[in-house]
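As a plain string of letters, each chain reads:
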Amino acid sequence: MEVKRDNLTGSAIQQLLREHLANMFEQSPPESVHALPLEELQKPDITFWSVWEGGELLGCGALKELDPQHGEIKSMRTVVAHRRKGVAATLLGCILDEAKSRKYKRVSLETGSMEAFAPARTLYAKFAFKECRPFAEYVEDPNSVFMTKEMDC
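Residues numbered from 1 in each chain as written. Predicted model: local features only at pLDDT ≥ 70, side-chain atom pairs only at ≥ 80, totals over all residues. Heavy atoms only, no water.

**Q** Mind showing me how you'd approach the overall build of the chain here?
**A** Assigned secondary structure in the chain consists of 4 helices and 7 strands. The secondary structure elements of the chain, listed N-terminal to C-terminal, are β-α-α-β-β-β-α-β-α-β-β. Taking 15 Å as the expected radius of gyration for a compact globule of 153 residues, we find that the chain reaches 14 Å, a close match to that expectation. The principal-axis extent of the C-alpha atoms belonging to the chain is close to 40 × 35 × 30 Å. For the chain, contacts bridging at least 24 residues in sequence account for 63% of all contacts bridging at least 6. (Helix = DSSP H or I, 4+ residues; strand = E, 2+ residues; numbered from the N terminus. Rg over C-alpha atoms; globule rule 2.2 N^0.38 Å. Contact = heavy atoms within 4.5 Å.)

The following block contains the structure:
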């Protein structure tokens, strides 16, 4: 697997992001969907990565800088055919390495509370993320789980 920074101009990554956004609206009420559209992911405060193997897109994820000491994981997605193969874990490790190199003290995320999001919550827990209160602009929402990880810098 090769993880690389992505400028979001390729058709494969754009299609995966469309699928991701559509799936978020299938799984959550509209007011609880916090996935970002393509144009938001292209903003300078977001670094985006894609995961490839043999020219095939396997997944993607992003790190948004909330402030110089705090980052947020966004748009983690694995192509359905490649789930449970370590794609998300590989990518999450790279994102956390980047957060460490930026000397972030904390990395946080929002994910769904529904059963469909249980594998994501399990993955984040394996990487020492703990449930927390809403952060940044988020508010309490029964459809959301907020998680954070204190970084060792």
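**Q** Explain the nonpolar core here, please?
**A** A general tendency of soluble globular proteins is for nonpolar side chains to be buried together. Ranked by size, the top nonpolar core spans 21 residues in total, and within it Ile73, Leu92, Val107, Tyr124 and Phe129 carry the most contacts. At the level of elements, β2 (46–53), β3 (56–67), β4 (70–78), α3 (87–101), β5 (106–112), α4 (118–126) and β7 (144–150) are the ones that each hand at least two residues to this core. With 6 residues, α3 is the largest single contributor of residues to this core. (Core = buried A, V, L, I, M, F, W, Y, C linked by side-chain atoms within 4.5 Å. Buried < 20%, exposed > 50% of the residue type's maximum accessible area, 1.4 Å probe, protein only.)

**Q** Help me understand the pattern of salt bridges in this model?
**A** Charged atoms that come close allow side chains of opposite charge to pair. Per the counting criterion, the structure on display carries 5 salt bridges. Between glutamate 72 and lysine 74 there is a salt bridge, with the nearest N and O atoms lying 3.6 Å from each other. In this pair, the class of glutamate 72 matches that of lysine 74, namely buried. Here arginine 133 ties to glutamate 140 by a salt bridge, and the two come within 2.9 Å at their closest N and O atoms. Judged by relative accessible area, which is 51%, glutamate 140 ranks as exposed. Salt bridges sharing partners connect three or more residues here, namely Arg5, Glu98 and Arg102. (Salt bridge = Lys/Arg side-chain N within 4 Å of Asp/Glu carboxyl O.)

**Q** Hey, could you run me through α4 in this one?
**A** Because each turn of an α-helix spans 3.6 residues, side chains separated by three or four positions end up pointing in the same direction. Three or more residues of α4 are buried, namely Ala118, Arg121, Leu123 and Tyr124. Of the surrounding elements, those touching the buried residues of α4 are β4, α3, β5 and β7. With its phi angle positive at about 75°, alanine 128 sits one or two positions after the end of α4.

**Q** What is the right way to look at the packing of aromatic side chains in this model?
**A** The description of two aromatic rings rests on the distance between their centres and on the angle between their planes. Tallying each qualifying case throughout the model produces 4 aromatic pairs. For the ring pair tyrosine 138 and phenylalanine 146, a centre distance of 5.4 Å and an interplane angle of 55° mean the geometry is tilted. Across this residue pair, the class does not change: tyrosine 138 and phenylalanine 146 are buried. Following the ring pairs from residue to residue traces out a cluster consisting of Phe135, Tyr138 and Phe146. (Phe/Tyr/Trp six-rings, centres within 6.5 Å; stacked < 30°, edge-to-face > 60°.)

**Q** What am I meant to see in the environment of asparagine 23 here?
**A** The topology assignment puts asparagine 23 in helix α1 (residues 11–27). Relative accessible area serves as the criterion here: at 18%, asparagine 23 is assigned to the buried category. Residues asparagine 23 and valine 33, 10 residues apart in the sequence, show an inter-C-alpha distance of 9.9 Å.

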